Amino acid sequence: MATPRVVLITKADCHLCEDARDAVSRVTASLGLEWSEELVDHQPELRERYAEEIPVVLVDGVQRDFWKIDEARLARVLQRAMAQ
């Protein structure tokens, strides 16, 4: 079973980012997965790429959701990735 890499792209002082952290935490915990967070504040390349879409969830480097994270969709994406 594969272990997908889950990354949440956020920025400081972002209320949507707080909600996204909670959502990603719930989904990954339910599947026994870990996740990481990257702040765009000190990474110009990330800030330029994702400026209008923060927060963003990446699974194995592919953007899967942004703004309001859909927990059911994220769970499906992760389950498919784990099955590969």
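Every value quoted in this text rests on a predicted model; they were computed, and no experiment measured them. (Residues numbered from 1 in each chain as written. Predicted model: local features only at pLDDT ≥ 70, side-chain atom pairs only at ≥ 80, totals over all residues. Heavy atoms only, no water.)

1. Re the environment of Asp-41
Step number 1: Looking at where Asp-41 falls in the secondary structure, it is placed in the loop between strand E2 (35-39) and helix H2 (44-50).
Step number 2: The sequence separation of Asp-41 and Lys-11 amounts to 30 residues, and the corresponding C-alpha distance is 5.8 Å.
Step number 3: With near-sequence residues (within four places) excluded, Asp-41 lies in contact with Lys-11, Ala-12 and Arg-47. (Helix = DSSP H or I, 4+ residues; strand = E, 2+ residues; numbered from the N terminus. Contact = heavy atoms within 4.5 Å.)

2. Description of unusual backbone geometry
Step number 1: Cis peptide bonds are those with omega within 30 degrees of zero, and the linkage from Ile-54 to Pro-55 qualifies with -5°.
Step number 2: You can see Pro-55 is positioned in the loop between H2 and strand E3 (56-59).
Step number 3: Even without being glycine, Asp-13 reaches a positive phi, approximately 55°.
Step number 4: Asp-13 sits in the exposed class, given a relative accessible area of 82%.
Step number 5: Of note, the phi angle at Trp-67 is positive, near 60°, even though the residue is not glycine.
Step number 6: Tracing the sequence through the fold places Trp-67 in the loop between strand E4 (62-66) and helix H3 (71-83). (Buried < 20%, exposed > 50% of the residue type's maximum accessible area, 1.4 Å probe, protein only.)

3. Concerning the environment of Ala-51
Step number 1: Structurally, Ala-51 is set in the loop between H2 and E3.
Step number 2: What makes Ala-51 partly exposed here is its relative accessible area of 38%.
Step number 3: Through-space distance from the C-alpha of Ala-51 to that of Thr-10 is 9.7 Å; in sequence the pair is 41 residues apart.

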